[in-house]
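Chain and residue survey
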2 protein chains.
Amino acid sequence: MSKVFPKVLERVVQNLARLPGLGEKSATRLALFLLGQPKEETQELAHSLLELVEKVRLCKRCFNFAEGEWCRFCLDPERNKSQICIVEDPAALSAIEESKAYKGLYHVLHGLLSPRDGLGPREIKIEALLERLEREPVEEILIALSPTVAGEATAAYLVECLKPYSVKVTRIACGIPMGMDIRYADQLTLKRALEARQRL
Amino acid sequence: MSKVFPKVLERVVQNLARLPGLGEKSATRLALFLLGQPKEETQELAHSLLELVEKVRLCKRCFNFAEGEWCRFCLDPERNKSQICIVEDPAALSAIEESKAYKGLYHVLHGLLSPRDGLGPREIKIEALLERLEREPVEEILIALSPTVAGEATAAYLVECLKPYSVKVTRIACGIPMGMDIRYADQLTLKRALEARQRL
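Below you will find a few notes about this structure. No experiment lies behind these values; they were computed from the predicted model shown. (Residues numbered from 1 in each chain as written. Chains lettered and ligands numbered in written order. Predicted model: local features only at pLDDT ≥ 70, side-chain atom pairs only at ≥ 80, totals over all residues. Heavy atoms only, no water.)

The helix and strand inventory of chain A stands at eight helices and six strands. A globule of 200 residues ought to have a C-alpha radius of gyration of about 16 Å, yet chain A, at 22 Å, is considerably larger. Taken along the three principal axes of its C-alpha coordinates, chain A extends 65 × 45 × 35 Å. When contacts within chain A are restricted to residue pairs at least 6 apart in sequence, long-range pairs at least 24 apart make up 46% of them. Of the roughly 11,600 Å² of accessible surface on chain A, a fraction of 54% belongs to carbon and sulfur atoms. For chain A, the distance from the average site of its 29 positive side-chain charges to the average site of its 28 negative ones is 2 Å. (Helix = DSSP H or I, 4+ residues; strand = E, 2+ residues; numbered from the N terminus. Rg over C-alpha atoms; globule rule 2.2 N^0.38 Å. Contact = heavy atoms within 4.5 Å. Areas by Shrake-Rupley, 256 points an atom, 1.4 Å probe, with all protein chains shown as cover. Lys, Arg positive; Asp, Glu negative; His and termini not counted. Charge placed at Lys NZ, Arg CZ, Asp CG, Glu CD.)

As structure tokens, this is what we get:
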């Protein structure tokens, strides 16, 4: 950004431009918008950001975001405590919740195995999962990782780790997305969908 | 947003979703990113926003953004004080500056005439412009408004207002954008470009 605007505005633009999906152009547009709206609204945004980093921490048990020690699922007596669904991150957890098809607990890995990025089993909370199995009455571990290369690798590793435990390990199904024309499905998805065919 | 995340996170999502170009999905993605990065970076963003609304005000003379009473152009002894370029808003001013083709002063309207939105000559700093002409040694007023319906209407109104003053009124040229194939130019642009043809 050229030095057309005051320094404080440039500081905001630089901070906004670091966010994913925002370049300098859109960061400038946002900053000008923030200056144009009533002062109170921009202050509310700023204060909510400060409160966010101050108050949100990870649930002691499942590593979902929480305001206290435990997240709302771990605190909820209605959730089925014999099931743990493994998700990559809180956004994936949110997607699963929106489906309204799962009523058990979660375990948030906060990443997938990626030796190149230094993400090993300890970094992504797999050890913490195994510790949970020692203490909790778990009957089923549902692996809900994306069927990507890293997701598949992490799932395979999890299956190995879970072998010594007397727990049922399941995985969300891969197949043709609802509403999709199978003529446009990729080979691998179609292969998976055929292999996982279900009796009607 | 469903109540999957802590309240403080939802508050941030709601605040972000009010920004232009951000829906709830991208606001959620941003909020999760902000939670995932080091605490200090989100705090820096928040503090920069607070500083922004605290410190930035409008230049007393030209209504550009300023940190003190005057903006950097009005303070700059190198700028040609006999020229005033009329722009719609600070973003337009920034675009003009980036062209490096103008070295005079500015006057920022902060809007275009729009009776429907209650924007009359007083709201958009036209009166303040006429007052400037009484006090300042202005020789040329360069109207740099976009050739849109509202921009054209505002420009026409300005020309009327400026008639009683002994000042040269000019307007940035309309024509074919550099690099554009004239076969794809719209009729009106082409008509303007023909009318404004220049001798070589």
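Next, the rest of the story.
The subject of this paragraph is the interface of chain A and chain B. Each partner contributes residues to the interface: chain A has 51 residues there, and chain B has 51 residues. Here chain A meets chain B over a buried area of about 4,900 Å², counting both sides, of which 72% is carbon and sulfur. Remark: the boundary between chain A and chain B carries six salt bridges. For the pair chain A and chain B, the number of links is 13 residue pairs in polar contact (both at pLDDT 80 or more). For the side of chain A that touches chain B, the secondary structure elements donating two or more residues are α1 (7–17), α2 (24–36), α3 (39–55), β2 (65–66), α4 (72–75) and α5 (90–98) of chain A. Considered class by class, the residues forming the side of chain A that touches chain B number 28 nonpolar, eight polar and 15 charged. (Buried area = accessible area lost by both parts, 1.4 Å probe. Salt bridge = Lys/Arg side-chain N within 4 Å of Asp/Glu carboxyl O. Polar contact = N/O pair within 3.5 Å; in protein donor to acceptor, adjacent residues only side chain to side chain. Nonpolar A, V, L, I, M, F, W, Y, C, P; charged D, E, K, R; others polar.)

What follows covers the nonpolar core. As a rule of thumb, nonpolar side chains are buried together in soluble globular proteins. Judged by nonpolar contacts, the single largest core of 78 residues is most densely connected at Leu16 of chain A together with Leu16 of chain B. Not counting residues within four places of it along the chain, the set of residues in contact with leucine 16 of chain A comprises Leu22, Ala27, Leu30, Ala31 and Leu34 of chain A together with Leu45 of chain B. (Core = buried A, V, L, I, M, F, W, Y, C linked by side-chain atoms within 4.5 Å. Buried < 20%, exposed > 50% of the residue type's maximum accessible area, 1.4 Å probe, protein only.)

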